[in-house]
Amino acid sequence: MSVKTKKAVSVFSHIRIKELENWLPFQEGPILVVDRSLHLLGVLDESCFWRKRAEGKNEPVEKCMSLCFLRITSLSDLDENAPCQYDFFIIEDGDQYICYTASEAREWKYQQKVSGLLGINQSLHEQLEIALQKNKEFTQILNSSYDEIFVTDAKGNVLFVSESCKHFTGLPPEAFMNKNIRELVAKGIITNSVTLKTMATHTIHSVEQEYPSGKTVLATAKPVFDKEGKLYRVVCNSRDISELVEMKRRLTNSQSAQQDHSEPIIQKTIGGQKFITQSQNMISTLQLAERISPTDSSIFIHGESGVGKGVLAKIVHESSPRRNKPFVQVNCGAIPENLLESELFGYEAGAFTGANRRGKSGLVEMANEGTLFLDEIGEMPLGLQVKILHLVQDKAFKKVGGTVEKQVDIRIISATNKNLMQMIEEKTFRQDLYYRLHVVPLYIPPLRERKQDISLLTDYFLEKFCSKYSRSVELNEDTKLLIQLQEWKGNVRELENFIEQIVVTTQKPMISMEDLPLAMKQMIHNENHLTLQQMTLKKAVEETEKQVLSHALKQHKTTRKIAKALGVNQTTIMRKLRKYKLT
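Analysis parameters
- Every residue gets a number counted from 1 within its own chain, in the order that chain's sequence is written.
- A pLDDT threshold of at least 70 governs which residues receive local features in this predicted model, and a stricter bar of 80 or more applies before side-chain atom pairs are shown or counted, although totals over entire chains, interfaces and linings include all residues.
- Remark: hydrogens and water are excluded; side-chain values derive from all non-hydrogen atoms of the structure.
- Per the convention used, a helix needs a DSSP run of H or I reaching at least four residues, while a strand needs a run of E reaching at least two, with both numbered from the N terminus.
- Contacts: residue pairs with any heavy atoms within 4.5 Å of one another.
- In short, Shrake-Rupley with a 1.4 Å probe defines the accessible areas, and a residue's cover is counted only from the protein chains shown.
- Under the pairing criterion, centres of Phe, Tyr and Trp rings, with the six-membered ring standing for Trp, must be within 6.5 Å; the plane angle then separates stacked pairs below 30 degrees from edge-to-face pairs above 60, leaving the rest tilted.
- Exposure categories follow from relative accessible area, calculated using a 1.4 Å probe and restricted to protein chains: below 20% of the type maximum is buried, above 50% is exposed, and the middle band is partly exposed.
- Charge over a ring is defined by NZ of Lys or CZ of Arg lying within 6 Å of the ring centre and within 35 degrees of the ring normal.
- Note on pairing: DSSP must find at least two bridges between two strands before they are called paired.
- Between Lys or Arg on one side and Asp or Glu on the other, a salt bridge is scored when a side-chain nitrogen of the former is within 4 Å of a carboxyl oxygen of the latter.
- Axis lines are fitted to C-alpha atoms, over the contacting stretch for helices. Their N-to-C directions set the angle, which ranges from 0 to 180 degrees.
- Multiplying 1.5 Å by the helix residue count minus one yields the expected span of that helix.
- Think of the arc as the fan of directions from the helix axis to the C-beta atoms.
- Grid points spaced at 1 Å and placed over the protein atoms alone form the basis of the search, with a cavity being a set where a 1.4 Å probe fits but cannot get out and a pocket an open set showing protein on both sides within 12 Å along at least five of seven lines. Lining residues have an atom within 4 Å of a point.
- Grid points are joined across faces, edges and corners, and a volume is the space filled by probe spheres set on the points.
- Residues grouped as a nonpolar core are buried Ala, Val, Leu, Ile, Met, Phe, Trp, Tyr and Cys residues, joined through side-chain atoms within 4.5 Å.
- Each patch is built from residues lacking any salt bridge and having more than 30% relative accessible area; the joining distance is 9 Å for like charges and 5 Å for nonpolar side chains (Val, Leu, Ile, Met, Phe, Trp, Tyr).

Caption draft 1: Quick look at the overall build of the protein chain. Within the protein chain, the regular secondary structure consists of 23 helices and 25 strands. Nonlocal contacts in the protein chain, meaning residues at least 24 apart in sequence, comprise 58% of its contacts between residues at least 6 apart. With the model as given, the accessible surface of the protein chain reaches about 32,100 Å², and the carbon-plus-sulfur share is 51%.

Below, the structure written as structure tokens:
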């Protein structure tokens, strides 16, 4: 039942009772009493009206009006007790009035409460639906992980196991749910439990675990604390390393057998850079590069960013008869498009506003009798590709603003990390230029396709940066294995920067998995993360600071001792701990 809004009927205060006798029964709501200026005086008291009429009185209606009313602007203004204190509530609406009885006002208040409760109930229902949907999506995300995710409470009771456990143990998640980790250990389903170690120490642990299925995993358990700092959950992530463990076993089984059957290690030192590999597909690329080095054929190097395309180009140059002539490298993506032509081919005096009055030689002319390396050729503007095609075909070019062709004796090596065949279809790269450059293709596989090289490069970069920064740092075997497991999407460049970060930030001579920077820990748990190349300097500094403080907290229990160990004042330590929410 809703409270209707209706205009109130008004009568003048001087009207007599008898004049209203026949009219009053037909009025549904309260009748307001006003003076001749239409100012509100009160509300007609019908019980008083009819009593006086029964007594035969014919007084003005102002003698029968109630003054127990309250003028308001809206029913929303009423408090809970108002309907008990007043009989009527009047709202002025222009030159008319709206009148509600106390019961109608009470009914309206009740309806508002019911409506509010229904709204809250609907909101809670919607929030519950959203929470259930998010929980479903989160569970699907966890179950899509190739790694096994294992969650227990502080007492070791299993709360969640991802479906990938079938791959590791051969058992479905239901075999673990609602059981205690100690029970699973006692039954031999789990050995060397990293969860129990984290429960005991409240710190991160990483161990190798073997399942009855024959799988070996690298398990890392991390404690989760509640607001009071008490252990709340233990989250364990397990990655299958059976293949690497088997490889490690074979390598260590017999040193002589290893030497007889392993691939040879190939090293090429070019300037201050070293190209090192033990991967057969990389060795094949190097051997092909050395075979074609004595020729003048154009070479096209394919490979992802960071694999070492520039180093391979220098190897070709150093192995060729042109080794004592210039090697000129041009990054086509690093030079602005409007400057690229003049940088490549040079310009004549007065060729454009601001040009050198004596003109300028270009990079092509500087490479005469040597090698021109066009890196990131996929970034070459389409309009400039015509001049590059002419250079490749005729070994001739014109300077910007010039009319005379110049001949050059150069060998051209190109490289890109883009799909040029797709660019040809999209009309952003000339097909004729592609085939002129693509005489001898060389492919450098990404680091993830030559896992054995990761270990070699790790040792090489560790030695390089220890020497550079006068440090003495080693990685234990588990840490090396973990590094070898990663994808390294930034390839050799990312691995090099990562090892440098370890050398310059570590405070320990022997690095274990717990000492690895945050970037590596994020990779372990398959979280979205920025590679070291993609991090801003500020972000990298903050992550390093946080890592250093975390290690210091484990070694020193007071801020005074931490400050002394790190060589800063205590106030700085306290501020940094608050900033990174470390306790």
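Next, the rest of the story.
Caption draft 2: The arrangement of the packing of aromatic side chains in detail. Taken as a whole, this structure holds 11 aromatic pairs when the rule is applied. Residues Tyr434 and Tyr435 carry aromatic rings whose centres are separated by 5.2 Å and whose planes lie at 75° to one another, so their mutual orientation is edge-to-face. Classification of Tyr434 by relative accessible area gives buried; the value is 7%. With a relative accessible area of 48%, Tyr435 lands in the partly exposed category. Site record: aromatic cluster; members linked through ring pairs are Tyr460, Phe461, Phe465 and Tyr469. Above the face of the Tyr232 ring, Arg233 is positioned so that its terminal group lies 3.9 Å from the ring centre. Here the basic side chain of Lys387 rests over the ring of Phe345, its NZ or CZ set 4.8 Å away from the ring centre.

Caption draft 3: Fine view of the pairing of strand E3 (residues 40-44). The element E3 is extensively covered by neighbouring structure, given that 4 of its 5 residues are classed as buried. Examined bridge by bridge, strand E2 (residues 31-34) and E3 share 3 bridges and lie antiparallel to one another. In the sheet register, Leu32 faces E3, and the bridge partner there is Val43. In this structure, the hairpin formed by E2 and E3 is closed by a connection of 5 residues, where Leu38 is found at a positive phi of approximately 65°. Of the strand pairs in this sheet, E3 and strand E4 (residues 65-66) are connected by 2 bridges, and their pairing is antiparallel. The partner of Val43 across the bridge, within E4, is Ser66.

Caption draft 4: Region of interest: the pattern of salt bridges. Per the counting criterion, the structure on display carries 19 salt bridges. The partner of Lys360 in a salt bridge is Glu343, and the shortest N-O contact between them spans 3.3 Å. Of this pair, Lys360 sits in strand E18 (residues 360-361) while Glu343 is found in helix H12 (residues 337-345), placing the two residues 17 residues apart along the sequence. In this structure, Arg450 engages Asp453 in a salt bridge whose closest nitrogen and oxygen atoms are separated by 3.0 Å. Both residues of the pair, Arg450 and Asp453, belong to the buried class.

Caption draft 5: Representation of the sheet that holds strand E8 (residues 148-153) in the model. Read from one edge to the other, the open sheet built from 5 strands follows the order E9-E8-E12-E11-E10, with strand pairing classed as antiparallel. The open sheet has two free edges, formed respectively by strand E9 (158-161) and strand E10 (205-210), since each of these has just one partner strand. Across the sheet, the mean angle from the axis of one strand to that of its neighbour is 25°, orientation sign disregarded. Looking at chain direction, E8 and E9 are connected through 3 bridges and run antiparallel. Across the sheet, Val151 pairs through a bridge with Phe160, a residue of E9.

Caption draft 6: Representation of helix H14 (residues 382-394) within the structure. End to end, H14 covers 19 Å across 13 residues, agreeing with the expected 18 Å (1.5 Å per residue, within 8%). Among the residues of H14, Leu384, Gln385, Ile388, Leu389, Leu391 and Val392 are the ones counted as buried. Viewed end-on, H14 has its buried residues packed into an arc of 160°, placing them on one side of the element. The elements touched by buried residues of H14 are H12, helix H13 (363-366), strand E19 (371-375), strand E20 (396-398), strand E22 (411-416) and helix H16 (431-437). Following H14 by one or two positions, Lys395 has its phi on the positive side, about 50°.

Caption draft 7: Fine view of empty space enclosed by the protein. Counted by the stated rule, this structure contains 4 cavities of 30 Å³ or more. Taken as a whole, the second largest cavity holds about 90 Å³ of empty space. What lines the second largest cavity is a set of 13 residues, among which Phe150, Ile190, Gln209, Tyr211 and Cys236 lie closest to the centre. Counting only elements with at least two residues in the lining of the second largest cavity, the list comes to E8, helix H7 (194-201) and strand E12 (231-240).

Caption draft 8: Molecular detail of the nonpolar core. Counting residues in each nonpolar core, the largest one holds 31 residues, and the members touching the most others are Leu344, Val364, Leu372, Leu374, Ile377 and Leu391. Elements represented by at least two residues in this core include exactly strand E16 (327-331), H12, H13, E19, H14, helix H15 (420-425) and H16. In terms of residues, this core owes the most to one element, H14, which gives 5 residues. Each residue touching Leu372, except ones within four places of it in the same chain, is listed here: Val328, Val330, Leu363, Val364, Ala367, Leu391, Ile410, Arg411, Ile412 and Ile413.

Caption draft 9: Highlighting the pairing of E12. In terms of burial, E12 is a largely internal element, 7 of the 10 residues being buried. In this sheet, E12 lies alongside E8 in antiparallel orientation, the contact comprising 6 bridges. Residue Thr152 lies in a different strand from E12, and its bridge partner there is Val234. Between strand E11 (residues 216-225) and E12, which pair antiparallel in sequence order, lie 5 residues; one of them, Gly229, sits at a positive phi of approximately 85°.

Caption draft 10: Quick peek at a nonpolar patch on the surface. Together, Tyr110, Val114 and Leu118 make up an exposed nonpolar region whose accessible area comes to about 310 Å². In this structure Tyr110 comes out as exposed when scored by relative accessible area, which is 53%.

Caption draft 11: Local environment of the side chain of His317. The topology assignment puts His317 in helix H11 (residues 309-318). A residue is classified by how much of its surface remains accessible, and His317, at 2% relative accessible area, is buried. In contact with His317, not counting residues within four places along its chain, are Arg322, Arg323, Lys325, Pro326, Phe327 and Thr371.

Caption draft 12: Looking closely at unusual backbone geometry. The residue Asn178 is not glycine, and still its phi comes out positive at about 65°. Within the fold, Asn178 resides in the loop between helix H5 (165-169) and helix H6 (181-186). Take Asn178: its relative accessible area is 74%, and that puts it in the exposed class. Positive phi values are uncommon outside glycine, yet Asn491 reaches one of about 60°. With respect to the helices, strands and loops of the structure, Asn491 is situated in helix H19 (residues 491-505).

Caption draft 13: Local environment of the environment of Ser13. As for its placement among the helices and strands, Ser13 is situated in the loop between strand E1 (9-12) and helix H1 (17-20). Residue Ser13 is classed as buried on the basis of its relative accessible area, which comes to 10%. The contact partners of Ser13, leaving out residues within four places of it in the chain, are Val33, Val34, Asp35, Leu41, Pro60, Val61 and Glu62.

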